[in-house]
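# Overview (structure and organization)
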Protein chains: 2
Amino acid sequence: MMNLTAVDFTRVTLRDCFWAPRLETNRKVTLPIQYEHLQKTGRIAGIDPEYKPGDRTAHHIFWDSDVAKWMETAAYSLATHPDPQLEAQLEEVIAKFAKLQRSDGYINSWFTAVEPEKRWTNLRDCHELYCAGHLMEAAVAHFKATGKRHFLDMVCRYADYIDSVFGTEEGKLRGYPGHEEIELALVKLWKATGERRYLNLAKYFVDERGRQPHYYDVEARRRGEDPEKRGPGRYRQNQSHMPVREQTEAVGHAVRAMYLYCAMADVARETGDRSLVAACETLWEDVCLGHLYITGGIGQSGSNEGFTFRYDLPEETAYCETCAAIGLVLWNHRMLQLHGDARFADVMERGLFNGTISGVSLSGDRFFYVNPLASLGNHHRQEWFRCACCPGNISRLLASVGQFFYSESEESAWVHMYAEGEGRLRVGDREVTIRQQTKYPWDAHVRLELNLARPATFTLALRIPGWCRQASVTLNGTLVSMAGMMEKGYLKLNRQWQSGDTIELCLPMPVERVRANPAVRQANGKVAIQRGPVVYCLEEADNPVTPLSRIALPRSSALNARYDRDLLGGVVVITGEAEVIKADPSRKWLYDTRAPQTEPMRITAVPYAVWDNREPGQMLVWLREI
Amino acid sequence: MMNLTAVDFTRVTLRDCFWAPRLETNRKVTLPIQYEHLQKTGRIAGIDPEYKPGDRTAHHIFWDSDVAKWMETAAYSLATHPDPQLEAQLEEVIAKFAKLQRSDGYINSWFTAVEPEKRWTNLRDCHELYCAGHLMEAAVAHFKATGKRHFLDMVCRYADYIDSVFGTEEGKLRGYPGHEEIELALVKLWKATGERRYLNLAKYFVDERGRQPHYYDVEARRRGEDPEKRGPGRYRQNQSHMPVREQTEAVGHAVRAMYLYCAMADVARETGDRSLVAACETLWEDVCLGHLYITGGIGQSGSNEGFTFRYDLPEETAYCETCAAIGLVLWNHRMLQLHGDARFADVMERGLFNGTISGVSLSGDRFFYVNPLASLGNHHRQEWFRCACCPGNISRLLASVGQFFYSESEESAWVHMYAEGEGRLRVGDREVTIRQQTKYPWDAHVRLELNLARPATFTLALRIPGWCRQASVTLNGTLVSMAGMMEKGYLKLNRQWQSGDTIELCLPMPVERVRANPAVRQANGKVAIQRGPVVYCLEEADNPVTPLSRIALPRSSALNARYDRDLLGGVVVITGEAEVIKADPSRKWLYDTRAPQTEPMRITAVPYAVWDNREPGQMLVWLREI
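It should be emphasised that the depicted structure is a prediction, and the values quoted were computed from it without experimental measurement.

The next point concerns the overall build of chain A. Within chain A, the regular secondary structure consists of 15 helices and 24 strands. The C-alpha radius of gyration computed for chain A amounts to 25 Å, which stays within 12% of the reference 25 Å derived for 626 residues, consistent with globular compactness. Seen along its three principal axes, the alpha-carbon backbone of chain A occupies a region of about 75 × 70 × 50 Å. In chain A, which comprises 626 residues, the share counted as buried stands at 63%. Here the contacts in chain A between residues at least 6 apart in sequence split such that 70% fall between residues at least 24 apart. Entry remark: accessible area of chain A is about 22300 Å², with carbon and sulfur atoms responsible for 48%.

Okay, the interface of chain A and chain B next. Many descriptions give the size of an interface as the accessible area lost when the pieces come together. Tallying the contact residues gives 47 residues for chain A and 47 residues for chain B. For the pair chain A and chain B, the two sides together bury roughly 3800 Å², of which 60% comes from carbon and sulfur. The tally of links from chain A across to chain B stands at four salt bridges. Note that K588 of chain B is salt-bridged to E285 of chain A, the shortest N-O span being 2.9 Å.

Right, let's get into the pattern of salt bridges. Residue and element names in this part refer to chain B. A full pass over the atoms with the stated rule returns 121 salt bridges over all chains. Residues D8 and K144 are paired through a salt bridge, measuring 3.7 Å at the closest nitrogen-oxygen approach. Of this pair, D8 sits in the loop between β1 (5-6) and β2 (12-14) while K144 sits in helix α6 (residues 128-146), placing them 136 residues apart in sequence. With a relative accessible area of 23%, D8 lands in the partly exposed category. Among the ionic pairs, R430 bridges to D429, the shortest N-O distance being 3.9 Å. Accessibility expressed as a relative area gives 72% for D429, which makes it exposed.

On to the relation of the copies chain A and chain B. In screw terms, the move from chain A to chain B is a rotation of 180° and a rise of 0.1 Å along the axis, fitting with an RMSD of 0.1 Å. Here the symmetry operator amounts to a two-fold rotation axis. Residues of chain A ranked by C-alpha distance from the rotation axis are headed by I626 of chain A, positioned 3.3 Å from it. Comparing interface residues between copies, 100% of those in chain A also sit at the interface in chain B, which points to an isologous, same-surface contact.

This brings us to the side chain of H134 of chain A. Residue and element names in this part refer to chain A. Secondary-structure assignment places H134 in helix α6 (residues 128-146). What makes H134 buried here is its relative accessible area of 0%. Each residue touching H134, except ones within four places of it in the same chain, is listed here: S65, A68, K69, E181, Y259 and R396.

Spatially, β1-β4-β5-β9-β13-β12 (chain A) is the arrangement adopted by the six strands of the open sheet, whose pairing is mixed. For this open sheet the edge positions go to β1 (5-6) and β12 (486-487) of chain A, each flanked by a neighbour on one side alone.

For the rest of this paragraph, the subject is the environment of K69 of chain A. All names here are of chain A. Position of K69 among the secondary structure elements: in helix α2 (residues 63-80). Owing to a relative accessible area of 1%, K69 belongs among the buried residues under this scheme. With sequence-adjacent residues up to four places away left out, K69 is seen in contact with Y130, H134, C323, C389, G392, N393 and R396.

Residues and elements named next belong to chain A. The antiparallel open sheet is built from seven strands, whose spatial order is β2-β6-β7-β8-β14-β10-β11. Here the strands that pair on one side only, and so sit at the sheet edges, are β2 (12-14) and β11 (478-479). Taken together, the seven bridges between strand β6 (residues 421-427) and strand β7 (residues 430-438) define a ladder with antiparallel strand orientation. Across the sheet, V427 pairs through a bridge with R430, a residue of β7.

Here we come to the nonpolar core. Ranked by internal contacts, the top residues of the largest apolar core, which has 228 residues, are W19, I162, W331, L460 and I503 of chain B. Once residues within four sequence positions are removed from consideration, I503 of chain B is found in contact with V446, R447, L448, L450, L460, L462, V473, T474, L475, L493 and W497 of chain B. Counting 224 residues, the second largest nonpolar core, distinct from the first, contains A141, F404, L450 and L568 of chain A.

This part covers α6 of chain A. All names here are of chain A. Between its first and last C-alpha atoms α6 spans 27 Å; for 19 residues at 1.5 Å apiece the expected length is 27 Å, and the two agree. By the criterion of burial, α6 is predominantly enclosed, with 16 of the 19 residues buried. Where α6 ends, the next residue or the one after it, G147, has phi of about 75°, a positive value.

A few words on the packing of aromatic side chains. Following the criterion strictly, the structure yields 58 aromatic pairs over all chains and no others. Here the aromatic rings of W120 of chain A and F166 of chain A are separated by 5.1 Å at their centres, their planes lie at 85°, and the arrangement is edge-to-face. Taken together, the residues W120 of chain A in the loop between α4 (110-114) and α5 (123-126) and F166 of chain A in the loop between α7 (150-165) and α8 (182-193) connect sequence positions 46 residues apart. Judged by relative accessible area, W120 of chain A falls into the buried class, the value being 8%. The class of F166 of chain A is buried, set by a relative accessible area of 1%. Relative to W331 of chain A, the ring of Y261 of chain A lies with its centre 4.8 Å away and its plane at 55°, an arrangement referred to as tilted. Taken as a pair, Y261 of chain A in helix α11 (residues 254-271) and W331 of chain A in helix α13 (residues 322-339) lie far apart in primary sequence, 70 residues in all. Each member of the pair, Y261 of chain A as well as W331 of chain A, is classed as buried. In this structure an aromatic cluster arises from ring pairing among F18, W19, F353, Y418, Y440, W442 and W467 of chain A. Geometry around F18 of chain A places R22 of chain A over its ring, the cationic atom sitting 4.3 Å from the centre. Over the ring of W589 of chain B we find K588 of chain B; its NZ or CZ atom is 5.9 Å from the centre of that ring.

This paragraph deals with the pairing of strand β22 (residues 598-607) of chain A. Consecutive side chains of a regular strand alternate in pointing toward one face of the sheet and then the other. All names here are of chain A. Pairing analysis gives three bridges linking strand β17 (residues 534-539) to β22, with the strands arranged antiparallel. Paired with Y536 across the two strands is P607, which belongs to β22. Where strand β20 (residues 571-581) lies against β22, eight bridges are found, and the strand directions are antiparallel. Paired with T575 across the strands is T604, a residue of β22.

Take the environment of H445 of chain B next. Residue and element names in this part refer to chain B. Along the chain, H445 turns up in strand β8 (residues 445-452). Exposure remark for H445: the relative accessible area of 44% places this residue in the partly exposed category. Considered as a pair, H445 and E504 are 59 residues apart in the sequence and their alpha carbons are 7.1 Å apart. Residues in contact with H445, not counting those within four places in the same chain, are Q437, T438, K439, L505 and C506.

On to the environment of A561 of chain A. Residues and elements named next belong to chain A. Assignment of secondary structure puts A561 in strand β19 (residues 559-564). For the pair formed by A561 and Y35, sequence separation is 526 residues and the distance between their alpha carbons is 39 Å. Ignoring anything within four residues of it in the chain, the contact list for A561 reads V511, R531, V572, V573 and I574.

Extensive coverage of strand β15 (residues 511-516) of chain B is indicated by the burial of five of its six residues. Taken together, the two bridges between strand β21 (residues 591-592) of chain A and β15 of chain B define a ladder with antiparallel strand orientation. Note on β15 of chain B: the bridge partner recorded for D592 of chain A is R515 of chain B.

Residues and elements named next belong to chain A. For the pair helix α3 (residues 84-100) and α7, interaxial distance at closest approach is 11 Å and the crossing angle is 30°. Taken together, the axes of α3 and α7 are roughly parallel relative to one another. As for how α3 packs across α7, the hand of that crossing is left-handed. The residues of α7 that touch α3, namely those facing E91, I94, F97 and A98, are H150, F151 and M154. Among the residues forming the contact of α3 with α7, the class breakdown is five nonpolar, one polar and one charged.

Calculation criteria
Residues numbered from 1 in each chain as written. Chains lettered and ligands numbered in written order. Predicted model: local features only at pLDDT ≥ 70, side-chain atom pairs only at ≥ 80, totals over all residues. Heavy atoms only, no water. Helix = DSSP H or I, 4+ residues; strand = E, 2+ residues; numbered from the N terminus. Rg over C-alpha atoms; globule rule 2.2 N^0.38 Å. Buried < 20%, exposed > 50% of the residue type's maximum accessible area, 1.4 Å probe, protein only. Contact = heavy atoms within 4.5 Å. Areas by Shrake-Rupley, 256 points an atom, 1.4 Å probe, with all protein chains shown as cover. Buried area = accessible area lost by both parts, 1.4 Å probe. Salt bridge = Lys/Arg side-chain N within 4 Å of Asp/Glu carboxyl O. Least-squares fit on C-alpha atoms with pLDDT ≥ 70 in both. Pairing = 2+ DSSP bridges. Core = buried A, V, L, I, M, F, W, Y, C linked by side-chain atoms within 4.5 Å. Expected span 1.5 Å × (residues − 1). Phe/Tyr/Trp six-rings, centres within 6.5 Å; stacked < 30°, edge-to-face > 60°. Lys NZ or Arg CZ within 6 Å of the ring centre and 35° of its normal. Axes fitted to C-alpha atoms, helices over the stretch in contact; angles between N-to-C directions. Parallel < 35°, antiparallel > 145°, perpendicular 65-115°, else oblique. Left-handed = near helix turned anticlockwise from the far one by under 90°. Nonpolar A, V, L, I, M, F, W, Y, C, P; charged D, E, K, R; others polar.

The following block contains the structure:
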């Protein structure tokens, strides 16, 4: 294990064409309108311990987590953009949770006001520990942003109480969350507070999962239910079908799986547990080699909000919950810190540029919960959801997206992603600022300039993206011979660096046709268009053909890239000549033996992430190739 | 309206290679094992009026209909193959129903033994009238087979009682069945008994459907339910969303729709109601031009066991319930009698040779409920179903399949389908026997020889199948010039016929590549293989490739037909050269930019109807064409 440390987003400035506008929209539009939705829907009012059923129409059992994600995002925003009004709003919500907290430390609006007698009686379904986790993440963010301890102390009292309830010791419940989340939150809490019991509790939750006798059966019987009625597959949905170290296949609910795998990587890192790392690697191969959409989406099926089977990648019915893509990014970010291997950064980047940010409109006020790879024209972003996990999740991801760009270690500075702006790193005891000039992801060129107080020897590790096959690099104007200097996808430049040293990367990004493994039946004979890290799609707005699958791309067609500053906030669009099966209004029968007539058609593809930002219509990622 | 009369199956003998073996298996295997299943599962015991809940594990609300379909099939079998043991078994079941019948005429095991207080309280969901209809069909079949009236009289008392309960008259319930069926059964009952009230009652059920105030809302309120909670789309599932004459789109549960449309055609025929014929024609266009699978299957979705939207024809998830394909055949058979138009016979034949008989194994003891057009290898026929409508339905269809071959009218003899054997027709007052010699559907040649007591002038109408584009016909050895003699797909030969007159049809059946309307997105760029009326598929048993969709058919490939007497009971198999995307075990990543490598592969296709009769494996109807 290499144990890189991600550079906090507070030490990363993005002034680029891609992320910076989104971050601004996130701060100025998404954050305030999400608070409005929390208010309008009763989620804020519901924190009141005096609340009684009937005060609002439906008190959702995990509404606390929606509020917590907003709090976490608000804290991230305050960390980079102080805003007294937002801070006051946040403190007000914190005060409500303080009032909600029971004398034993417990914080949960549903099980305080609505069903107090059912506390901890159904960990499998009731999301109590999940909500607790999100509160902890919010509190850590708040503490780091403001330096104030009151929220942190509040959740520590809750964590202490949880620690007194759960564990292997005599008299404790041997339970663990039905929806994972608290594990990774507890690791954050331990790192913020230094209280090792929180790490131990996280480790307990990870280790206990899936052991026999199965806790969910035990608690079900305690509730008077017969767990056998749910059948032998009942544990897979929440990844409790076996102890985590024995798990080799991604199963069940995709978001839960990602949060669990994050926690496994976190606990592995903090405890040095190689068996957990090995399990993560096996699961990573299963996810990324068998279940990953080209957009970075995961979770093929809506019926379980999760995984189906290897190489099953339906397009129209792809679930690809925004939260799951975010979870995948968070997990790969952790794996990257463990290994310093660009394959994790490649997946992280795939998710960041495509299947995560598709979850929010360019206007910042509409959201996808589900991110399919094809649409008949009836799938559109919504203002909010009854189950509103995704809007808050994409918002907190964007507010902290800087964290994914750089890592630091004793002897190395790592650059994982490219964007105009700068990162302020500490390599050992040396302050190193890396300034990037680039139009990435639209342009191949990245200029990096180092700034140091005094010359220093360390390794600068520059990721050469997996999609890039002909990278070239100059150092202070001299071409670098990359042979022998590449390690796990990173160009490792070890030398004595001084201020003003300049590296120029050329990462040529031709328009590429991507094919899936032939084992993916849905993609046989099809291609997706990708340029750099950006995956493209056809939208009906540019390609008025119904159905879009009438369009096929000849192998010989050239595909051209052109930056259009006026389109969709400024994107590179791809155009090319395709063939479209002619519609035949004279055709009467559903079936006949005539060969289909085609005609040439100029197609235009736009980045998948920005689809459904214009007039509603069909969308298609995978095109037939002829 | 032309009002042909279908020639009863008792006057049609099949001695052919395709149907005769299936009919024998149906009689010798399917009929006895179905009785066994009815016994084993408690369906027979459940007819007992003394039955009380708890006597068996689950009394299904429409089990009576499963028993009735077996009774109907048994009666058909007795009509052509007398069997004292079977007759005794049938009489025993009839006696049980006689004991079940209440003094007012009511016959229903569930609402007699289990919930007597709920009789007629939920027509929408409870299938009482549906079960009644199947009993009537069985009784008519029994009467026609045996000449005995006791079963017929029993259901007449039931019909009389139903007639006293339902109708527009003061004091009657203005209800109609949630699952259509009794309407067409009442028409059969009127034709068997001459009692016009039964036809009037059928017409009432057809006419009342979908009127306002909506009966299902009225009865729901009577049960204390709020019908609005089910939303505005609540009527579509059972086609009660508007009066039937206003319906233009096939919606909801496919079997229900087919039985309704059958009844509409029946009532139209018996009453001369052209508005019902017009509605049937509009619905037929919607079904056949927008919803029909190439196999003759209908009902795209399992979620409603029914229709989705026009041109939506998913393959793996196609529901295509066996009963729905049977219903489509029954409806088209009725439309054919009304119009003498071969387009109805074409759909009927498509269903008969493909999507209906796929519902039963060649061994006669395993059944498909669902008939998808592609399978990953996990879809197999079962011995029986908890909801067991399909096995009994395919069995009664096969036992009476002779009914689909010929029609008669005052001045014409009609041949709709071809098979070795003979039909004994009455054209006006003339007995005309038509003997066929042919290996149809495997061979293009059909020889028909007429047998008459004395020369007679009438029209012989021979269907030239819609799939056949180069038919030729000789009459007593002389080529017939078909120009000007074709009418709605039938060759009309009007002359004075005499015994020994011989017609030879040549219906060339090259292997054809069939394409769907480009509006069918799932079939863009794909072809299906068809020869004559038989639709083909690839099975893994012959084509060991995973997934099968790696196979693509070059446009230039020749496809060859060869009869294999030892395969699957004797079928024509199709072979040809295809290209298969190479599997690449060295491939690690899910996505890359390499062009897929293909290699030639000889493929073998077998008739869709007989798939899943060998080792379990994948199946695919629509092939990519390159």
